[in-house]
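Observations on chain architecture
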Amino acid sequence: MRHVLVTGARAKTGAPLTDLLAQDGAVVVRAGSRDVRLLESDRDRVEAVRFDWDDRATWEGAVDGVAGVFLVRPDRPDAAELAADLLAMTPRGAHVVLLSELDRGYFGPDDWAPRVERAVRGSGRPWTILRPGWFMQVFTDPRFMLDDLVRDGRLPLVSGGQAVSWIDARDIAAVAARSLLDDGHDGQVYELTGPEALGPGETATVLGSAMGRPVRHVELSMEEALEGVEGFLRRNDEGAYDRIRRGMFGVVTDTVEQVTGHPARTLRQFAAEVFAPLAVG
Ligand SMILES: NC(=O)c1ccc[n+]([C@@H]2O[C@H](COP(=O)([O-])OP(=O)(O)OC[C@H]3O[C@@H](n4cnc5c(N)ncnc54)[C@H](OP(=O)(O)O)[C@@H]3O)[C@@H](O)[C@H]2O)c1
């Protein structure tokens, strides 16, 4: 049995990846979380392991003997150093799949996100880098838009009227699974998007149809969107919204289908699954 560490195993991409890998008869998933009590227990071929970027004592047990690592980088300025240190403890042959992000040259080479990618490339381990755009799961994240959508029928976005090719995190997980399980992905950088670019009004319409009630896009100013967010995270979020306004998240690739053999899910499919149970009337 090969052991594969999935960091962020409770998160948007790590959770479906854990499911996919556990279905592979030859893999035992080491499911990483800061709080293993919150991970579903008693699952075949899934072992919960405590993993915390802020507690190096948890690292060795997480990477010991693994054949693969799904690396959810921590979004913070020292992420590259943390990733490099973790990978130095990881077995030499372990395939590292990094969850990065779509940036299309927006970040400078010394910005934190390209530095994390460099740390992975320079680790001496086989690697694959995933660069996804915005996840559909932001619509169902209670920390983000869920309340606005469900309670008020509002889709608050900084968009500049530009389209976004929303991607289902389950499709990112599917690409990660193939990268970890199959040959041929070493040294690949995959830009991952959903199958279509939707403007803010179209996005609201798709979500509203699934919910059976009107949803309207409300354009936020940058200041409104960043209210209460400070420091590094503020600069980072500002960069993400700015890229939306520049249309950089409207690019569409067919990489999900190329790698997995299945087309990427549409927002309509995602919304029908998650919002139809909430539909009115
Ligand atoms: N959301 C998007 O649209 C989007 C788009 C492109 C790229 N990304 C990137 O994808 C990554 C994940 O984003 P997400 O939105 O999917 O986040 P998420 O669902 O909130 O997942 C983040 C996970 O990181 C884990 N975590 C937090 N602090 C940690 C620590 N100190 N040590 C170990 N694990 C820690 C948490 O797991 P536990 O609580 O179980 O420890 C949490 O579940 C980020 O790097 C983000 O920049 C996101």
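Residues numbered from 1 in each chain as written. Predicted model: local features only at pLDDT ≥ 70, side-chain atom pairs only at ≥ 80, totals over all residues. Heavy atoms only, no water.

This part is about the site of the ligand. In the region of the ligand, 21 residues are neighbours, and Arg10, Ser33, Arg34, Arg73 and Asp75 sit closest. Take Asp52: an N or O atom from its side chain is 3.1 Å from a nitrogen atom of the ligand. For the ligand, whose free accessible area comes to 880 Å², the fraction covered by protein is 81%. A molecule is said to occupy a pocket when more than half its atoms come within 2 Å of that pocket's grid points, and by this definition the ligand occupies the largest pocket. Its residues assigned to classes, the shell around the ligand shows nine nonpolar, three polar and nine charged. (Near = heavy atom within 4 Å. Polar contact = N/O pair within 3.5 Å; in protein donor to acceptor, adjacent residues only side chain to side chain. Areas by Shrake-Rupley, 256 points an atom, 1.4 Å probe, with all protein chains shown as cover. 1 Å grid on protein atoms, 1.4 Å probe; cavity = no way out; pocket = protein on both sides within 12 Å on 5 of 7 lines; lining within 4 Å. Sits in = over half its atoms within 2 Å of the grid points. Nonpolar A, V, L, I, M, F, W, Y, C, P; charged D, E, K, R; others polar.)

Taken as a whole, this structure holds 10 aromatic pairs when the rule is applied. Aromatic side chains Trp112 and Phe232 sit 5.5 Å apart centroid to centroid with 75° between the ring planes, which places their arrangement in the edge-to-face category. A residue pair is termed long-range when its members are at least 10 positions apart, and Trp112 in helix α4 (residues 112-121) and Phe232 in helix α9 (residues 231-245) qualify at 120 residues. This pair shows no difference in class: Trp112 is buried, exactly as Phe232 is. Arranged with centres 6.1 Å apart and planes meeting at 80°, the rings of Trp134 and Trp166 form a pair that is edge-to-face. Taken as a pair, Trp134 in the loop between β6 (127-132) and α5 (146-152) and Trp166 in the loop between β7 (154-157) and α6 (169-181) lie far apart in primary sequence, 32 residues in all. (Phe/Tyr/Trp six-rings, centres within 6.5 Å; stacked < 30°, edge-to-face > 60°. Helix = DSSP H or I, 4+ residues; strand = E, 2+ residues; numbered from the N terminus. Buried < 20%, exposed > 50% of the residue type's maximum accessible area, 1.4 Å probe, protein only.)

Size it by volume and the largest pocket reaches roughly 1,700 Å³. As for the largest pocket, its lining consists of 42 residues, of which Lys12, Val72, Arg73, Asp75 and Arg143 are closest to the centre. Here the lining of the largest pocket takes six residues from α9, the largest share from any one element. Classifying every residue of the lining of the largest pocket gives 19 nonpolar, nine polar and 14 charged. (Points joined across faces, edges and corners; volume = space filled by probe spheres on them.)

One pass over the structure, following the stated rule, counts one cavity of 30 Å³ or more. Within this model, the largest cavity holds a volume of roughly 30 Å³. Looking at the lining of the largest cavity residue by residue, the class counts come to six nonpolar, four polar and no charged.

Our next topic: the environment of Val164. With respect to the helices, strands and loops of the structure, Val164 is situated in the loop between β7 and α6. Val164 gets classed as buried once you look at its relative accessible area, which sits at 2%. The spatial distance from the C-alpha of Val164 to the C-alpha of Asp42 is 39 Å, given a sequence separation of 122 residues. Dropping the residues within four chain positions of it, Val164 is found in contact with Trp134, Glu196, Ala197, Leu198, Ile244, Phe249 and Gly250. (Contact = heavy atoms within 4.5 Å.)

What follows covers helix α3 (residues 79-88). Among the residues making up α3, those that are buried are Ala79, Ala80, Leu82, Ala83, Leu86 and Leu87. End-on, the buried residues of α3 take up no more than an arc of 165°, which puts them together on one face. In the core, the buried residues of α3 are packed alongside α2 (59-63), β4 (68-72), β5 (95-99) and α4. (Arc of directions from axis to C-beta.)

Here, UniProt's "domain: NAD(P)-binding" (unreviewed entry) annotation points to residues 8-138. For residues 8-138, the end-to-end C-alpha separation is 16 Å, with 27% helix and 21% strand making up the annotated structure. (UniProt positions renumbered as here; feature names shortened; annotations may be inferred.)

Here we take up unusual backbone geometry. Its identity as a non-glycine residue notwithstanding, Arg45 has a phi of 60°, on the positive side. Mapped onto the secondary structure, Arg45 falls in the loop between β2 (27-33) and β3 (46-50). For Arg45, a relative accessible area of 32% puts it in the partly exposed group. Positive phi is not limited to glycine here, since Arg104 has a value of about 50°. Along the polypeptide, Arg104 turns up in the loop between β5 and α4.

Generally speaking, soluble globular proteins have nonpolar side chains that are buried together. Core analysis: the biggest nonpolar cluster contains 32 residues, and Trp134, Phe139, Leu149, Leu155, Trp166 and Leu267 have the highest contact counts within it. Elements with a contribution of two residues or more to this core: β7, α7 (200-211), α8 (222-226), α9 and α11 (267-275). In this view, Leu267 contacts Met136, Phe139, Trp166, Glu196, Leu198, Thr203, Val206 and Leu207; residues no more than four positions away in its chain are not counted. By size, the runner-up hydrophobic cluster in this structure holds 29 residues, among which are Val6, Phe70, Leu130 and Val175. (Core = buried A, V, L, I, M, F, W, Y, C linked by side-chain atoms within 4.5 Å.)

This part covers the pattern of salt bridges. Inspection of every chain in the model, using the stated rule, returns 25 salt bridges. One salt bridge in this structure joins Glu101 and Arg243, with 3.1 Å as the shortest N-O distance. Of this pair, Glu101 sits in the loop between β5 and α4 while Arg243 sits in helix α9, and the two are 142 residues apart along the sequence. Per residue, the accessibility class of Glu101 equals that of Arg243, and both read buried. Two residues, Asp141 and Arg143, come together in a salt bridge whose shortest N-O distance is 2.8 Å. (Salt bridge = Lys/Arg side-chain N within 4 Å of Asp/Glu carboxyl O.)

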